[in-house]
Amino acid sequence: MENNVRVLILAAGKSTRMKSKHAKVLHRAGGRSLIEHVLGVARNLSPDISVVVGHSADQVRAAIPEANFVDQKEQLGTGHAVLAAREDFSGYAGDVLVMPGDVPLISADTLKVFLRFHREGGFRASVLTAEMEDPRGYGRIVRRNGQEVQSIVEHRDATPDVLKIREINSGIYVFNAAALFESLTKIRNDNAQREYYLTDVIGILVGQKQKVGAFKVSWAEEVLGINTRQELAAVDQILRRRKCESLMADGVTIIDPATVYVDVDVEIGADSVIYPSVQIYGKTVIGEDVTIHSFTRISNSKVGDRTLVREGSLVSDTTIAEDAIIGPYANLHTGTVLGQAAQVGNFVEVKKSTFGADSKAKHLAYLGDATIGNKVNIGAGVITCNYDGVKKHPTIVEDGAFVGTDSQLIAPVRIGKGSYVAAGSSITEDVPPDSLAVARGRQVNKEGWVKNRKKPAGK
Ligand code: UD1
Ligand code: CA
């Protein structure tokens, strides 16, 4: 039944009220841009989606490369935006669902019910409406004797009586495409904003005695439109709250959902425990029985089952296997891969490195561009000197090696399997397997030196 509906998303407007140099629809809530939210929902209804772009068109195109685009060169209003797609729709006489790009909370289920309402009612046009506590800024639905829709009046053009109406236009409609494009040729811009309003099409069709329907959603939150940064923050909060609720429903313990920020695309397995003030962003996937302590931020990473992430750790673009112990205050980033039961602790930074199973770097180390084998021990304060000012060089530490405290591994360098590096060494040459490398000045004790120094000269 959803066959043959085409979708047109309006995303050409500037973000005047956002006071932003970026297109409004590129602002983000819950870890996705507004246009990604709307497009994601639209995909549930139709494979045939066109997006009207104009302001910052290139950035919008780049954000959603899979869509079809229509250019609106000048942004002269929502009616003008739809008109830009006229050629695209020539010869098409079916239904078109028109949506703004700034209503990220709308659900596919609601849109499906709305489409069914439109079709079963035999309407030429239908508008999705809601009763709002605070209808400020929205177009109002004017009904004849409280019954059929008569017109939509924009807030800025409304009389005091119309301003009292709390039923608002969501900006989401289904039109018969032929009726839509035919009416659009009749709209004018003689209004407060000097714009060509899509909303005027409703009044025009009513004037022609065409059947126009209005479908009111029971949950006004769904049709919140974002015009300001305040509204963006409010929607972000709703998305976050919903995300925490759905994770908890799926068996994740979130100790204080009010302070936990989890993006909508994140996955977390059952019996994982998230402490207060944790942030998990992007396409992160966290396994089961994972514990994440406070002040940790994880983005675009994978964390295996039963891993423990202690306080204050930063994890980005990193894959961590099962049973690992991270932090406190670890910084893992840029393509790092940690093996099973690896331990990377206090103030350890690991960049673009692999770190094998059962290996440990528990305190104050820097490992960059390194390949660390299994069962390796990296002592406190070990540093890979991977950068010579021009190029980055690799460090390899083979299985079972022991790198003593406060050693520098000056790359490119390889520590052979099972070898030992003595504490405080500056390693500049490869160490063969099963050897001991000592690379530091030998200690000299000068007995009586202090007493001798204190003797006045010449006595
Ligand atoms: C619009 C509706 C209003 C409704 C509200 C719901 C009109 C005239 N008003 O108002 O009745 O209550 O949405 O949120 O339609 N756009 C273009 N090209 C343009 C102008 C806008 O593509 O020339 C796009 C914007 O990028 C945006 C959408 O159309 O995604 C809506 O535009 P916006 O300026 O936000 O309209 P509202 O004032 O919110
Ligand atoms: Ca809007």
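Refer to the preceding data block for the structure.
Basis of the calculations
Residues numbered from 1 in each chain as written. Chains lettered and ligands numbered in written order. Predicted model: local features only at pLDDT ≥ 70, side-chain atom pairs only at ≥ 80, totals over all residues. Heavy atoms only, no water. Donors = N, O, S within 2.8 Å, 3.2 Å for Na, K, Ca; no water. Helix = DSSP H or I, 4+ residues; strand = E, 2+ residues; numbered from the N terminus. Buried < 20%, exposed > 50% of the residue type's maximum accessible area, 1.4 Å probe, protein only. Near = heavy atom within 4 Å. Polar contact = N/O pair within 3.5 Å; in protein donor to acceptor, adjacent residues only side chain to side chain. Areas by Shrake-Rupley, 256 points an atom, 1.4 Å probe, with all protein chains shown as cover. 1 Å grid on protein atoms, 1.4 Å probe; cavity = no way out; pocket = protein on both sides within 12 Å on 5 of 7 lines; lining within 4 Å. Sits in = over half its atoms within 2 Å of the grid points. Nonpolar A, V, L, I, M, F, W, Y, C, P; charged D, E, K, R; others polar. Phe/Tyr/Trp six-rings, centres within 6.5 Å; stacked < 30°, edge-to-face > 60°. Lys NZ or Arg CZ within 6 Å of the ring centre and 35° of its normal. Pairing = 2+ DSSP bridges. Salt bridge = Lys/Arg side-chain N within 4 Å of Asp/Glu carboxyl O.

**So, the coordination of the calcium ion (ligand 2)**
D102 (OD) and N227 (OD1) make up the full set of protein donors to the calcium ion (ligand 2), lying at 2.3 to 2.5 Å. Placement of the pair is D102 in the loop between β6 (95-100) and α4 (108-120) and N227 in the loop between β11 (212-217) and α8 (229-249), with a sequence separation of 125 residues. You can call N227 buried: its relative accessible area is 18%.

**Quick notes on the site of ligand 1**
Near ligand 1 you find 24 residues, and of these L10, Q72, T78, E154 and N169 are the closest. With respect to ligand 1, the side chain of Q72 contributes an N or O atom lying 2.7 Å from a nitrogen atom. Here ligand 1 has 760 Å² of accessible area as a free molecule, and 91% of this is covered by the chains. In this structure the site holding ligand 1 corresponds to the largest pocket. Those elements that provide at least two residues to the shell around ligand 1 are β1 (5-11), α3 (78-83) and β10 (167-176). For the shell around ligand 1, the class distribution of residues is eight nonpolar, twelve polar and four charged.

**Let's talk about the packing of aromatic side chains**
Inspection of the entire model under this criterion finds eight aromatic pairs. Seen from their ring centres, F402 and Y420 are 5.2 Å apart, and the 20° between their planes marks the pair as stacked. In this pair, F402 is assigned in strand β36 (residues 402-403) and Y420 in strand β39 (residues 420-421), connecting sequence segments 18 residues apart. For F402, a relative accessible area of 33% translates into the label partly exposed. Members of the aromatic cluster, each reached through a chain of ring pairs, are F114, F117, F123 and F215. One residue, K211, lies across the ring of F123, its end atom 4.9 Å from the ring centre. The ring of Y387 carries K392 above its face, with NZ or CZ at 5.0 Å from the centroid.

**Regarding the sheet that holds strand β35 (residues 395-397)**
Read from one edge to the other, the open sheet built from nine strands follows the order β14-β17-β20-β23-β26-β29-β32-β35-β38, with strand pairing classed as parallel. If you trace the sheet from one side to the other, it starts and ends with β14 (267-268) and β38 (413-415), each paired once. Bridge analysis of strand β17 (residues 285-286) against strand β20 (residues 302-303) gives two bridges, and the strand direction is parallel. Each residue of the ladder has a partner; that of V285, found in β20, is K302.

**Considerations on the pairing of β11**
Within a regular strand, side chains alternate between the sheet's two faces. Most of β11 is tucked away, with five of its six residues classed as buried. Two elements, strand β7 (residues 125-131) and β11, share six bridges in a ladder whose sense is parallel. Residue S126 lies in a different strand from β11, and its bridge partner there is G213.

**A look at the pairing of β6**
Most of β6 is tucked away, with six of its six residues classed as buried. Because side chains alternate across β6, one face comprises the buried residues D95, L97 and M99, and the other comprises V96, V98 and P100, equally buried. As defined by bridge partners, β1 adjoins β6 across six bridges and the pair is classed as parallel. Across the sheet, I9 pairs through a bridge with M99, a residue of β6. With four bridges connecting them, β6 and β10 associate as antiparallel partners. Bridged to L97 within β10 is V174.

**Concerning the pattern of salt bridges**
Scanning the entire structure with this criterion turns up 20 salt bridges. One salt bridge connects R119 with D95, and the closest N-O pair in it is separated by 2.7 Å. Here R119 is found in helix α4, whereas its partner D95 is found in strand β6, with 24 residues between them in sequence. Judged by relative accessible area, which is 25%, R119 ranks as partly exposed. Residue D358 pairs with K375 through a salt bridge whose shortest N-O separation is 3.8 Å.

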